[in-house]
Amino acid sequence: MSELLSYFQSQRQSMVDLLTALCHFETPTLGKEHVDKMGEYMEAQFRQLGASSVTRIPQVNVGDLLVAKWNENAPGKPIMFLIHIDTVWPLGTLAERPVRIDDDGRLFGPGAIDMKGGITVTLSAIRGLVERGEMPNRPIWVMMTTDEEVGSIYSHDPIEEYAKQCGLVLVMEPATIDEALKTMRKGIATYRLDIEGLPSHAGNAPEKGINSIIEFAQQAMKLRDWNDYKRGITISVTMVEGGSATNVIPAKTVGHVDTRAMTVADWQETYDRMMALEPMVPGAKLKVSMINGHKPMERNETMVRSFAQCKAIGEAYGFTVREDMSGGGSDGNTVAALGIPVLDGLGPQGDGLHALHEHVVLNSLPRRSTLLAAMLKDWDFNK
């Protein structure tokens, strides 16, 4: 066992205490006042850990973003942690499901694995290096966002702005249930179809109407045929609303479509096809808009090299680092699309994202903190 791993194992209870404290902040994405309370706590943590600067990026609709920097004037490109403090859970969830630890050493609580566990190991890794006098002379940044759970609508541009300045971005989304990193993520895009027909009385003059639901149904059948599961392309109609009364030919229908793709080329092909849709019912009008999207995080040559170095660093400190893929998107997709080296799923082991059994495996906290601290010390941008 490496001395660094032994150190972080000795800090396990401190990490449990920190994770518990973080879980006691209820941070639903659109509850700005509540999210900002945790933001204030995070700013205090950054300053306590000796950040040379903490920049606040004010937001109106969601919590303010923060960027903390250590050694910001040191030579070389920064390594940046990317974390988010918002969760999917509404206010009051904590009272219904208080934080608890079971006999198997799993901490349950709203937001525990997504991603307050990732925040815990980020802060713990930096704290360990500071306390041991081993903070490397390189720029280290932490970017804290507040709207990841709604697609990073407001933080997308700031993420791109800061990521472009970095040599490596570490996305602190949770590891897989087997504690693997995520070196491939599907691209995702959500589209809205607005269909306009013409109302008419369903009994007296149905032939004079233009049925927007029929138009949508034909589009839905067409989209279904675009699925290509072997290539990892999925097109799923997920929501639809239309009509105004049971005796009126429906004039308006709105549908939502979820699309996923494994490669940037396939994502772009799907985008082009969606945006080129034309009405099929004579007289109907169709408008297609992409309301959010992330291009895929591909397991390309850059990803392969980055993971190989991460794996080697882990082995040097006494444990095996594995990789896997995810069908969901994250801010890692945004960074990867820029061509910036990125590793995702560096948070702790656990399960139950967005589910009632959400939990963190506490024994993974020292391992993940060790890996992060070692990467900050030993990462070589020339490999």
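Criteria and cut-off values
Residues numbered from 1 in each chain as written. Predicted model: local features only at pLDDT ≥ 70, side-chain atom pairs only at ≥ 80, totals over all residues. Heavy atoms only, no water. Core = buried A, V, L, I, M, F, W, Y, C linked by side-chain atoms within 4.5 Å. Buried < 20%, exposed > 50% of the residue type's maximum accessible area, 1.4 Å probe, protein only. Helix = DSSP H or I, 4+ residues; strand = E, 2+ residues; numbered from the N terminus. Contact = heavy atoms within 4.5 Å. Polar contact = N/O pair within 3.5 Å; in protein donor to acceptor, adjacent residues only side chain to side chain. Pairing = 2+ DSSP bridges. Axes fitted to C-alpha atoms, helices over the stretch in contact; angles between N-to-C directions. Salt bridge = Lys/Arg side-chain N within 4 Å of Asp/Glu carboxyl O.

## Quick notes on the nonpolar core
With 77 residues, the main nonpolar core has Met42, Phe46, Val169, Leu170, Leu343 and Met375 as its most contacted residues. Among the elements that line this core, the one with the most residues is helix H5 (residues 112-131), at nine residues. Residues contacting Leu343, with those up to four places away along its chain left out, are Val169, Leu170, Val171, Leu181, Met303, Ser306, Phe307, Cys310, Met375 and Trp379. Counting 17 residues, the second largest nonpolar core, distinct from the first, contains Ile195, Ala220, Ile235 and Val288.

## So, the environment of Ser2
The topology assignment puts Ser2 in the segment before helix H1 (3-10). Given the relative accessible area of 16%, Ser2 is considered buried. As a C-alpha pair, Ser2 and Asp258 span 256 residues in sequence and 46 Å in three-dimensional space. Engagement of the side chain of Ser2 in a polar contact is seen with the backbone nitrogen of Leu5, the distance being 3.0 Å.

## With respect to the sheet that holds strand S6 (residues 140-145)
In space, the six strands of this open sheet follow the order S1-S2-S6-S3-S7-S14, with mixed pairing throughout. Edge strands, defined here as strands with exactly one partner in the open sheet, are strand S1 (53-57) and strand S14 (342-343). Here S1 pairs with strand S2 (residues 65-70) via five bridges, running antiparallel. Its bridge partner lying in S2, Ser53 is registered against Lys69. Relative to the sheet, helix H3 (residues 32-48) contacts S1, S2, strand S3 (79-84) and S6, its axis offset from that of S2 by approximately 5°. In this fold helix H6 (residues 156-163) packs onto S1, S2, S3, S6 and strand S7 (168-171), with an angle of close to 175° to the strand it touches most, S6.

## Some details on the pattern of salt bridges
Counting across every chain of the model gives 20 salt bridges. The salt bridge partner of Arg106 is Asp102, with a shortest N-O separation of 2.8 Å. According to the relative accessible area criterion, Arg106 is partly exposed, its value standing at 28%. Among the salt bridges present, the one from Lys311 reaches Glu315, with a minimum N-O distance of 2.6 Å. Pair noted here: Lys311 and Glu315 are both in helix H9 (residues 301-316), with a separation of four residues, about one helical turn. With relative accessibility at 29%, the residue Lys311 sits in the partly exposed group. On the basis of relative accessible area, Glu315 is assigned to the partly exposed category, the value being 43%. Here the salt bridges do not stand alone but share partners, grouping Lys32, Asp36, Glu43, Arg47, Arg56 and Asp64 into one network.

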